[in-house]
Amino acid sequence: MQQIIRISEGFAPLHEEILARPGITAAKRLGLEYWLFSRDTPLDLAQAEAGLFVRWQMRIDHAWPCVPEKTIDFIEKAVTALVRKFATVPLQQVMVSPLLAGSPHPVYKKMASQLQQRLRQEFCPPRARMDPEEQDPEGLTLFVLLGKEGLFGAVASPRSCRGFYAGGSKYISHKAPHSISRAGAKVAEALHFLRLHGPALPETTHWLELGASPGGMTAELLERGFSVTAVDRAPLDARIASHPRLTFAAENALTYQPPRGMLYDALLCDMNGSAEEALAMVLSKRSSLRPGALVIFTLKTHKAAGVEEILALHHRVLEQARRGGLAWLAQTHLTYNRHEFTLFWSAP
Ligand SMILES: C[S@@+](CC[C@H](N)C(=O)[O-])C[C@H]1O[C@@H](n2cnc3c(N)ncnc32)[C@H](O)[C@@H]1O
């Protein structure tokens, strides 16, 4: 059985070690971030600790190793083969992406978009223009990855593959008119990923944000209609400082005391420095979180070098959160994460 996993290019020096930990051998690199390998039994990356680094995973149901660019009538041949194979499967959507994420080769970017359009005509014409986030995270989607190494497809649920798009990434610009820093795109990506695990947060959500300066994430949350109480020793960007839905506390997050009786619906922590100290500050605000409140935490790997140290830090942080009463939701590595991860919990 063939499987594909995606590990971000930022971890390139660690790729071999990440693959070796769950016993993946003889993996073939596809593009810059994908790895194709065979195993007798499916690899459960949710159980494998090195799964932390895996951004996308899919068991291959249909592979066509070829050079699509040089294959005559590639799109129609691919459509015919996929329709023959999956004609009886009740698909909710078809999602096709180029194997080279980020800046795909223009030929494959165009081919992926043409193939997606053709496959949607065949499988689900009424939903051809559906927002990818409207997919049922547990429904069946045909995911296809396409590149100079060929075509790789699978029918699977977005949640089991870890994304609504083939390959897992939604393109989010960090240059939106309201954006202040790249961190804004990071929280937008995190909220997109969270849709795999539940409905979107209502506009009435009031966030407590620790380590908010200069305000990239704050600006994104305000733009979405949320209210934010932002805490940082450093000031916020002047463009948002007097926003009517913003309360700013120029303080150390360790000593910051939320107003008496205040209960936040969600907490966001993107503080730099030690991850364990940052999480201790998050836990110190527990009594100001509504039951079930969402906690989004950037796990900065700080001084941890190498897979072993990163996994040990991750393990300690999960244990600290568990002892602190947080309930585990999910984790991911986002495009804007670079050498850090985004973890999600809910408050007791
Ligand atoms: C990576 S930056 C945050 C960027 C921010 N999330 C954004 O969207 O622009 C980390 C921030 O954590 C703040 N920070 C670190 N330790 C802190 C503490 N103990 N109390 C308050 N702020 C802290 C720093 O001042 C810095 O502004």
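In case you missed it, the structure is sitting above this.
Summarised in this report is the structure supplied together with it. (Residues numbered from 1 in each chain as written. Predicted model: local features only at pLDDT ≥ 70, side-chain atom pairs only at ≥ 80, totals over all residues. Heavy atoms only, no water.)

### Brief notes about the sheet that holds strand S14 (residues 327-332)
Filter applied, for reference: When DSSP finds two or more bridges between a pair of strands, those strands are recorded as paired. Starting at the N terminus, helices and strands are each numbered in turn, a helix being any DSSP run of H or I of at least four residues and a strand any DSSP run of E of at least two. Lines fitted to C-alpha atoms define the axes here, with helix axes fitted over just the stretch in contact, and angles between the N-to-C directions of these axes take values from 0 to 180 degrees. In this analysis, two residues are considered to be in contact whenever any of their non-hydrogen atoms come within 4.5 Å of each other.
Strands sit in the order S11-S10-S9-S12-S13-S15-S14 across an open sheet of 7 strands; the sheet is mixed. Looking at strand neighbours, the two that pair on one side only are strand S11 (246-249) and S14, the edges of this open sheet. Averaged over neighbouring strand pairs, the angle between their axes works out to 15° when direction is ignored. Across the sheet, helix H8 (residues 306-323) touches strand S13 (289-300), S14 and strand S15 (340-346), and the angle it forms with S15 is around 15°.

### Re the packing of aromatic side chains
Note the cut-off: Planes of paired rings set the category: under 30 degrees apart is stacked, over 60 is edge-to-face and the rest tilted, where pairs are Phe, Tyr or Trp rings (Trp by its six-membered ring) whose centres lie within 6.5 Å. Relative accessibility thresholds used throughout: buried, under 20% of the residue-type maximum; exposed, over 50%; partly exposed, between the two (1.4 Å probe, protein chains only).
In this structure the tally under the stated criterion is 9 aromatic pairs. Ring centres 5.0 Å apart and planes at 20° place the aromatic pair Trp64 and Phe74 in the stacked group. Residue Trp64 is located in strand S5 (residues 62-64), and its partner Phe74 is located in helix H2 (residues 74-86); the two are separated by 10 residues in the primary sequence. Classification of Trp64 as partly exposed rests on a relative accessible area of 21%. Pairwise contacts between aromatic rings join Phe11, Phe53 and Phe341 into one cluster.

### Observations regarding the packing of helix H7 (residues 275-283) against H8
Heads up, the rule is: Here roughly perpendicular refers to angles of 65 to 115 degrees, roughly parallel to angles under 35, roughly antiparallel to angles over 145, and oblique to all remaining angles. A clockwise turn of the near helix away from the far one marks a right-handed crossing, whereas an anticlockwise turn of less than a right angle marks a left-handed crossing.
The interhelical angle for the contact between H7 and H8, taken along N-to-C directions, is 15°, at an axis separation of 10 Å. In terms of axis orientation, H7 runs roughly parallel to H8. In the crossing of H7 with H8, the sense of the turn from one axis to the other is right-handed. Residue-level inspection shows Ala275, Glu276, Leu279, Ala280 and Leu283 of H7 in contact with H8, the latter providing Leu313, Arg316, Val317, Gln320 and Ala321.

### Focus on the pattern of salt bridges
Selection criterion: Any Lys or Arg side-chain nitrogen located within 4 Å of an Asp or Glu carboxyl oxygen qualifies as a salt bridge.
Enumeration over the complete set of coordinates arrives at 21 salt bridges. Glu149 is paired through a salt bridge with Lys148; the nearest N and O atoms lie 3.4 Å apart. Judged by its relative accessible area of 16%, Glu149 is buried. Residue Asp270 is joined to Lys300 by a salt bridge in which the shortest nitrogen-to-oxygen separation is 3.2 Å. Residue Asp270 is located in the loop between strand S12 (264-269) and H7, and its partner Lys300 is located in strand S13; the two are separated by 30 residues in the primary sequence. Here Asp270 matches Lys300 in class, with each residue buried. Among the ionic contacts, a cluster of salt bridges with common partners joins Lys186, Asp270, Lys300 and Glu340.

### Description of the side chain of Thr332
In this fold, Thr332 is placed in strand S14. With relative accessibility at 7%, the residue Thr332 sits in the buried group.

### Points about the site of the ligand
Cut-off, in case you're wondering: By convention in this text, a residue qualifies as near a molecule or strand provided that one of its non-hydrogen atoms is within 4 Å of it. Nitrogen and oxygen atoms within 3.5 Å of one another constitute a polar contact, given that in protein one can donate a hydrogen and the other can accept it, and given that sequence-neighbouring residues count only through two side-chain atoms. Methods summary: accessible areas were calculated by the Shrake-Rupley approach with a probe of 1.4 Å, and residue burial reflects only the protein chains presented. Only Asp, Glu, Lys and Arg are considered charged in this grouping, and only Ala, Val, Leu, Ile, Met, Phe, Trp, Tyr, Cys and Pro are considered nonpolar; every other residue, Gly among them, is considered polar.
Surveying the vicinity of the ligand reveals 19 residues, the closest of which are Met217, Asp232, Asn252, Ala253 and Asp270. Between the ligand and Pro214, the relevant distance is 3.5 Å, taken from an oxygen atom to a main-chain nitrogen or oxygen of the residue. Between Asp270 and the ligand, the recorded distance is 2.8 Å, taken from a side-chain N or O atom to a nitrogen atom. Within the complex, 85% of the 600 Å² of free accessible area of the ligand lies under protein. Residues that form the shell around the ligand fall into these classes: 7 nonpolar, 7 polar and 5 charged.

### Some words on the environment of Gly198
Assignment of secondary structure puts Gly198 in the loop between helix H5 (183-194) and strand S9 (206-210). Considering only alpha carbons, one finds Gly198 and Leu19, 179 residues apart in sequence, at a separation of 30 Å.

### Some words on the pairing of strand S7 (residues 141-147)
In terms of burial, S7 is a largely internal element, 7 of the 7 residues being buried. Residues Thr141, Phe143, Leu145 and Gly147 line one face of S7 and the alternating positions Leu142, Val144 and Leu146 line the opposite face, and both faces are buried. Of the strand pairs in this sheet, strand S6 (residues 93-98) and S7 are connected by 6 bridges, and their pairing is parallel. Looking at S7, one finds that Pro98 is bridged to Leu146. Both S7 and strand S8 (residues 150-156) contribute to a ladder of 7 bridges, which runs antiparallel. Across the sheet, Leu146 pairs through a bridge with Leu151, a residue of S8. Counting the residues that bridge the hairpin from S7 to S8 gives 2 residues.

### Description of the nonpolar core
Selection criterion: What makes a nonpolar core is a set of buried Ala, Val, Leu, Ile, Met, Phe, Trp, Tyr and Cys residues whose side-chain atoms join them at distances within 4.5 Å. The split of the chain into domains comes from an automatic or database domain assignment.
Counting residues in hydrophobic clusters, the biggest one holds 48 residues, and the most contacted among them are Phe53 and Phe297. Counting residues domain by domain, this core receives three or more from each of domain 1 (2-161) and domain 2 (183-346). Not counting residues within four places of it along the chain, the set of residues in contact with Phe297 comprises Cys269, Ala275, Ala278, Leu279, Val282, Val317, Phe341, Thr342, Leu343 and Trp345. Tyr34, Ile60, Leu221 and Phe226 belong to the second-largest nonpolar core, a separate cluster that totals 45 residues.

### Looking at unusual backbone geometry
It is generally the case that most residues other than glycine have a negative phi and that most peptide bonds are trans. For the bond running from Ser213 to Pro214, omega is 5°, close enough to zero to count as cis. Position of Pro214 among the secondary structure elements: in the loop between S9 and helix H6 (216-223). The phi dihedral of Arg338 is positive, around 50°, even though this residue is not glycine.

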